Amino acid sequence: GVTAGRRSRQRSAAAAAAAAAAAAAAAAAVAACRRQQRMQPFAGAAAAPAASTENAAALRVVEVDLGDRSYPIYIGQRLLDDGARLRQHIPGNRVLIVTNTTIEKLYLQKCTDALKAADPQLQIDSVVLPDGEEYKNMEVLGKVWDKALQCRLDRGTTFLALGGGVIGDMTGFAAAAYQRGVHFVQVPTTVMSQVDSSVGGKTGVNHPLGKNMIGAFYQPRCVLIDTTTLDSLPPRELASGVSEIVKYGLIRDAELFGWLEQNMDKILARDPEAIAHAVERSCINKAEVVAADEKEGGVRATLNLGHTFGHAIETATGYGTFLHGEAVSIGMVMAADMSVRLGWIDASILERTRALLQACQLPVTPPESMSVSAFKELMAVDKKVQAGKLRLVLLKGPLGGCVVTGDFDPAKLDETLEAFCTH
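Residues numbered from 1 in each chain as written. Predicted model: local features only at pLDDT ≥ 70, side-chain atom pairs only at ≥ 80, totals over all residues. Heavy atoms only, no water.

Asks: Outline the side chain of serine 193, supporting the account with residue identities and numerical values.
Replies: Here serine 193 lies in helix α7 (residues 191-197). At a separation of 2.7 Å, a polar atom in the side chain of serine 193 contacts the side chain of threonine 190. If sequence neighbours within four positions are ignored, serine 193 has contacts with Gly163, Gly164, Gly165, Pro188 and Ser198. (Helix = DSSP H or I, 4+ residues; strand = E, 2+ residues; numbered from the N terminus. Polar contact = N/O pair within 3.5 Å; in protein donor to acceptor, adjacent residues only side chain to side chain. Contact = heavy atoms within 4.5 Å.)

Encoded structure:
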């Protein structure tokens, strides 16, 4: 009995030590990431035009610190022309470029030519998927595997995602599953994918009953962000991506939120310096969170601010009706409204959030078709539900603070839903 008790205490002590070590490692990862990124305050809006052009053109590198699976995020102008930089992250000599019908016309040949110029021996195949969130499903994903098998691609192959968030998520999942895992690189071409979905290894597809419910955590070997690809982005897509930048400001970067309030007109005008700053700052925020919590056991869940409400809207209205960022915009306002009702934040944060999102022409109220019952039914299958209990990302304290919790007064959720829904 004494021996058994000693062993039990030893196991408990070992478990406690392991937990402490894990917490220390997570803190160290964030600290290391901060040191690597050298987070500087944003430059003032009055920079001279010549300096602005020079700064925007400079290459920026953000490191995602995941030990031996760490990888760089390259941010700069005309990086699609830099095939040599991309080639150094492709281990073998076979590449499958996955893109969609829109990006194919704009950048597929450019990307292929750049890689070929860097290495004429590289064998490049491509598969073109239909464009849109409504095609983010297993049936369409099968076309990637069909092409890989037809080309007899082996485990040394690299899948290259050339496109927005849908293409990135689907390509990553295809890479994770093909022959139980092949190499994968991200070349995002939308604001949404550049500031959020291409970083951190979340991959997957939608299911009729829930968004992003089928997938895997699978990290890329690099992310190459050519900010000039945003020049071809429709205004609605640009605004949709900006909602995710606003999210970082709300959950952890109050300075970024204030900068956005002062510079939103520059972002919407696609000012190169403003875009470069916003993309870099977003990637630094995302990289820090992913380094501390890769598989969303804790702090990474805060990146889902507004997503529980937003995913319900996307699922109920049909994937593609609302762009992801549009649905998240509505969801963030609803989350802020509920946070005010709980007494967790000052009402001024809600008003600033609504005003900033409206400044980039994003919706801030759900469609009339959304009912209280529809929200509740769809929110019940959210990935943050644990043991049958709904957890939400809510704002708390001063700007830049939030919590992930199921410990809230459900009556306040009802109040928010009733305030935003007509039935």
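Asks: Break down the packing of helix α5 (residues 138-150) against helix α6 (residues 165-177) for me, with residues and values.
Replies: Pairs of packed helices are described in terms of their axes, by the angle between the two and the distance that separates them. α6 packs onto α5 with a crossing angle of 60° between their chain directions and a minimal axis gap of 10 Å. When the axes of α5 and α6 are compared, the pair comes out oblique. Crossing angle aside, the handedness with which α5 passes α6 is right-handed. In contact with Met138, Val140, Leu141, Val144 and Trp145 of α5, α6 contributes Met170, Phe173, Ala174 and Ala177. (Axes fitted to C-alpha atoms, helices over the stretch in contact; angles between N-to-C directions. Parallel < 35°, antiparallel > 145°, perpendicular 65-115°, else oblique. Left-handed = near helix turned anticlockwise from the far one by under 90°.)

Asks: I'd like a rundown of the pattern of salt bridges, residues and numbers included.
Replies: All chains considered together, the criterion is met by 24 salt bridges. For lysine 211, the salt bridge identified is with glutamate 133, shortest N-O distance 2.5 Å. Highlighted residues: lysine 211 in strand β8 (residues 210-217) and glutamate 133 in the loop between β4 (123-129) and α5, separated in sequence by 78 residues. For glutamate 133, a relative accessible area of 13% corresponds to the buried category. Arginine 281 serves as the salt-bridge partner of glutamate 255, at 2.9 Å between the closest nitrogen and oxygen. Within this pair, whereas glutamate 255 is found in helix α9 (residues 254-268), its partner arginine 281 is found in helix α10 (residues 272-292), the two being separated by 26 residues in sequence. Residue arginine 281 is classed as buried on the basis of its relative accessible area, which comes to 7%. (Salt bridge = Lys/Arg side-chain N within 4 Å of Asp/Glu carboxyl O. Buried < 20%, exposed > 50% of the residue type's maximum accessible area, 1.4 Å probe, protein only.)

Asks: How would you sum up the environment of alanine 411? Please name residues and give values.
Replies: Relative to the elements of secondary structure, alanine 411 occurs in helix α15 (residues 410-420). A residue is classified by how much of its surface remains accessible, and alanine 411, at 36% relative accessible area, is partly exposed. Once the C-alpha coordinates of alanine 411 and arginine 341 are considered, the two residues, 70 residues apart in sequence, prove to be 9.7 Å apart.

Asks: Outline a nonpolar patch on the surface, supporting the account with residue identities and numerical values.
Replies: A cluster of nonpolar side chains, namely Met138, Met213, Ile214 and Val381, defines an oily patch on the protein surface of about 290 Å² accessible area. Mapped onto the elements, valine 381 comes out in the loop between α14 (372-379) and β10 (392-395). For valine 381, a relative accessible area of 40% translates into the label partly exposed. (Patch = residues over 30% accessible without salt bridge, like charges linked within 9 Å, V, L, I, M, F, W, Y side chains within 5 Å. Areas by Shrake-Rupley, 256 points an atom, 1.4 Å probe, with all protein chains shown as cover.)

Asks: So what's going on with the packing of aromatic side chains? Residues and values would help.
Replies: Scanning the entire structure with this criterion turns up 4 aromatic pairs. Arranged with centres 6.3 Å apart and planes meeting at 70°, the rings of phenylalanine 309 and phenylalanine 375 form a pair that is edge-to-face. Here the residue phenylalanine 309 occupies a position in helix α11 (residues 307-317), and phenylalanine 375 occupies one in helix α14, the gap between them amounting to 66 residues. It is lysine 247 that lies over the ring of tyrosine 248; its NZ or CZ is 4.9 Å from the centre. The side chain of lysine 396 reaches across the aromatic face of tryptophan 344, ending 4.5 Å from its centre. (Phe/Tyr/Trp six-rings, centres within 6.5 Å; stacked < 30°, edge-to-face > 60°. Lys NZ or Arg CZ within 6 Å of the ring centre and 35° of its normal.)

Asks: Residues and numbers for the environment of glutamine 88, please.
Replies: Along the chain, glutamine 88 turns up in the loop between α3 (83-87) and β3 (94-100). In this structure glutamine 88 comes out as exposed when scored by relative accessible area, which is 52%. Between the C-alpha atoms of glutamine 88 and arginine 221, which are 133 residues apart in sequence, the distance is 9.9 Å. Only 3.2 Å separates the side chain of glutamine 88 from the side chain of tyrosine 74, close enough to count as a polar contact.

Asks: Could you give an account of α10, naming the residues involved and the relevant values?
Replies: With 21 residues, α10 extends 30 Å between its outermost C-alpha atoms, agreeing within 8% with the 30 Å of an ideal straight helix rising 1.5 Å per residue. Of all 21 residues in α10, 19 are buried; the element is thus mostly enclosed. (Expected span 1.5 Å × (residues − 1).)

Asks: Summarise unusual backbone geometry; cite the residues concerned and give the values.
Replies: The backbone of glutamine 179 sits at a positive phi, close to 50°, despite the residue not being glycine. Position of glutamine 179 relative to the elements: it lies in the loop between α6 and β6 (183-188). A relative accessible area of 33% places glutamine 179 in the partly exposed class. Positive phi is not limited to glycine here, since asparagine 212 has a value of about 55°. Along the polypeptide, asparagine 212 turns up in strand β8.

Asks: Please give an account of the pairing of strand β2 (residues 71-76) that cites residues and values.
Replies: Among the 6 residues of β2, 6 are classified as buried, and the element is accordingly described as predominantly covered. Where burial is concerned, the two faces of β2 agree: the one with Tyr71, Ile73 and Ile75 and the one with Pro72, Tyr74 and Gly76 are both buried. In this antiparallel pair of consecutive strands, strand β1 (residues 60-64) and β2, the connection spans 6 residues, and glycine 67 shows a positive phi of 65°. As paired elements, β2 and strand β9 (residues 223-226) share 4 bridges and run parallel to each other. Bridge assignment links isoleucine 75 to a residue of β9, and that residue is isoleucine 225. (Pairing = 2+ DSSP bridges.)

Asks: Please provide a residue-by-residue account of helix α13 (residues 347-359), values included.
Replies: If you check α13, its first and last C-alpha atoms are 19 Å apart, about what 13 residues at 1.5 Å a residue would give, namely 18 Å. All of the buried residues in α13 are Ile349, Leu350, Thr353, Leu356 and Leu357. Here the buried residues of α13 occupy an arc of 135° about the axis, which is enough to place them on one side. On its buried face, α13 sits against α8 (235-251), α9, α12 (324-341) and β10. (Arc of directions from axis to C-beta.)

Asks: If you had to explain the nonpolar core to someone new, which residues and values would you point to?
Replies: Counting residues in hydrophobic clusters, the biggest one holds 75 residues, and the most contacted among them are Ile73, Val246, Leu260, Phe309, Phe375, Leu392 and Leu413. The next biggest cluster of nonpolar side chains, apart from the first, holds 22 residues, and it includes Phe159, Ile167, Met170 and Ala175. (Core = buried A, V, L, I, M, F, W, Y, C linked by side-chain atoms within 4.5 Å.)

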